[in-house]
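One letter stands for each residue in the lines below.
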Amino acid sequence: MDPADFYTGIVADLYGPLKSFSQDPEPYAAFIQHAGLPALELGCGDGDPLLELRRRGLDVEGVDSSADMLERLRRRADEQGIRATVFHQRMEALDLPRSYRAIFLAGPTFTLLPDDDAALAALRGIRAHLAEGGTVLVPLFTPAPTPVEQLGLVRTAVAPDGAELRFSVVAEERDELARTQTTLLRYERHHGSDSSVVERPWILHWYTRDQFEKLATTAGLTVTAVTDPDGRPAPASATDLLHFRLQAT
Ligand SMILES: C[S@@+](CC[C@H](N)C(=O)[O-])C[C@H]1O[C@@H](n2cnc3c(N)ncnc32)[C@H](O)[C@@H]1O
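This report concerns the structure included in the present document. Remember, it's a predicted structure, so these values are computed and weren't measured experimentally. Numbers given to residues run from 1 along each chain, matching the order in which its sequence is written. Predicted model: local features are reported for residues with pLDDT of at least 70 only, side-chain atom pairs are reported and counted for 80 or more only, and whole-chain, interface and lining totals are derived from all residues.

1. Some details on the overall build of the protein
Stage number 1. What the protein contains, in helices and strands, is six helices and 11 strands.
Stage number 2. Taking 18 Å as the expected radius of gyration for a compact globule of 249 residues, we find that the protein reaches 18 Å, a close match to that expectation.
Stage number 3. Contacts spanning at least 24 positions in sequence make up 68% of the contacts within the protein whose residues lie at least 6 apart. Note on conventions: DSSP H or I runs of at least 4 residues are helices, E runs of at least 2 residues are strands, and numbering of each starts at the N terminus. Just to be clear, the radius of gyration here is over C-alpha atoms, and the globule rule we use is 2.2 Å times residues to the power 0.38. Placing C-beta atoms from the backbone, we regard two residues as in contact once those atoms come within 7 Å.

2. Some remarks on the site of the ligand
Stage number 1. Near the ligand there are 21 residues, and of these Y7, G43, G45, S65 and S66 occur at the shortest range.
Stage number 2. Charged residues are taken to be Asp, Glu, Lys and Arg, nonpolar residues to be Ala, Val, Leu, Ile, Met, Phe, Trp, Tyr, Cys and Pro, and polar residues to be all remaining types, Gly included. Counted by class, the shell around the ligand contains nine nonpolar, seven polar and five charged residues. Defining nearness, a residue is near a molecule or strand when the C-beta atom obtained from its backbone falls within 6 Å of it.

3. Description of helix 4 (residues 67-80)
Stage number 1. Take the residue count of a helix, subtract one, and multiply by 1.5 Å to get its expected span. Helix length check: helix 4, at 14 residues, gives a terminal C-alpha distance of 20 Å against a target of 20 Å (1.5 Å per residue), a fit within 8%.
Stage number 2. Exposure is read from a count of other C-beta atoms within 10 Å of each residue's own; the residue is exposed at 12 or fewer, buried at 20 or more and partly exposed in between. C-beta atoms are placed from the backbone. Buried within helix 4 are the following residues: M69, L70 and L73. The arc that holds every buried residue of helix 4, seen down its axis, measures 95°, which confines them to one face. More than 90 degrees from the buried face of helix 4, the exposed residues found are A67, D78 and E79.
Stage number 3. Those residues of helix 4 hidden inside the fold are in contact with helix 1 (10-18), strand 2 (60-64) and strand 3 (86-88).
Stage number 4. Note on helix 4: the residue one or two positions beyond its end, G81, has a positive phi of about 65°. Within this analysis, the arc is defined by the directions that extend from the helix axis to the C-beta atoms.

4. Things to note about the pairing of strand 7 (residues 164-175)
Stage number 1. Each pair of strands is called paired provided DSSP finds at least two bridges between the two strands. Note that strand 6 (residues 154-158) and strand 7 share five bridges and pair antiparallel. Residue pairing for strand 7: T156 is matched across the bridge by R166.
Stage number 2. In sequence, strand 6 turns back onto strand 7 through a hairpin of five residues, with G162 there showing a positive phi of about 90°.
Stage number 3. Across 11 bridges, the pairing between strand 7 and strand 8 (residues 180-191) is antiparallel. Counterpart to E173 in the pairing with strand 8 is T182.

5. Observations regarding the pairing of strand 4 (residues 100-104)
Stage number 1. For strand 4, the tally of buried residues reaches four of five residues, placing the bulk of the element in the interior.
Stage number 2. Examined bridge by bridge, strand 1 (residues 39-42) and strand 4 share three bridges and lie parallel to one another. Bridging across to strand 4, E41 finds its partner in F104.
Stage number 3. Relative to strand 5 (residues 130-140), strand 4 runs parallel, the two being bridged by four bridges. Pairing of Y100 across the sheet is with L130, part of strand 5.
Stage number 4. Following the chain from strand 4 across helix 5 (residues 116-128) to the adjacent parallel strand 5, one finds a crossover that is right-handed. A clockwise path from the first strand over the helix to the second, with the strands pointing away from the viewer, defines a right-handed crossover.

6. Observations regarding the sheet that holds strand 8
Stage number 1. Strand order in the open sheet formed by four strands is 6-7-8-9, and the pairing between neighbours is antiparallel. Sheet topology places strand 6 and strand 9 (194-205) at the edges, where each strand pairs with a single neighbour. For this sheet, the mean angle separating the axes of adjacent strands, direction not counted, is 20°. To obtain each axis, a line is fitted to C-alpha atoms, and for helices this fit is confined to the stretch in contact; angles are then taken between N-to-C directions over 0 to 180 degrees.

7. So, the sheet that holds strand 2
Stage number 1. The seven strands lie next to each other as 3-2-1-4-5-11-10, forming an open sheet whose pairing is mixed. Single-partner strands in this sheet number two, and they are strand 3 and strand 10 (221-227). Here the average twist between neighbouring strands, direction ignored, is 20°.
Stage number 2. Each of strand 1, strand 2, strand 4 and strand 5 is contacted by helix 2 (residues 26-35), which is oriented at about 155° to strand 4, the strand it contacts most.
Stage number 3. Contacts from helix 4 reach strand 2 and strand 3, with the element oriented near 160° to strand 3.

Spelled out as structure tokens, the structure:
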């Protein structure tokens, strides 16, 4: 399976019910206020924080590689009476009719791109869709290995139709040289005699600050700031979530 299709089918169905937290919209609202409109969220999924930003009247559009996640987003938008423009595309093959003053990802979704080639293609696409004077926000982190005692532990939830949903980490491989962690995840849905069980590899690919800055430079972008999510300057050694801001070179 292509990594860009991970959040489809049963994974998209279970995404909402199993979600443990929602992206805080504030850092992204503040970013857009500073960078300007229109704005574009890459990997918008089922709508957090895009729907809240739209509710505030901000001109924000979305892109996601999963038609199933976008269907969930559209359903949530209808329920909340919000209009949202979203595109079913991969961020490494962006082809949109507009350019944007603010392009961002909410949370470390950029690490779902499985290698440096995909990252470079995404950065080039971002550069091509950046309006003059525009700014990009890419949150990045270095994932920690899943603690051994959590392997096999099952999290459960109940679907709106009463089905039992189960999620667990089956196994994990980490390649420090390739900066890639592949976690085998199991998703289960049980309803009476009806059961579906799917195991999928979830790939995370990370960067040192230097490596990310080099890729950005190759794509015609310059890193102008690296901060923590609250905008405070980040120490060089930080492995927590960092917000990289970029502008056209
Ligand atoms: C962890 S979800 C986050 C969604 C949302 N921001 C949230 O917090 O609920 C990541 C999203 O990125 C999308 N995605 C993964 N790879 C992608 C790619 N190459 N291009 C565009 N979207 C991608 C997935 O389909 C998924 O909807």
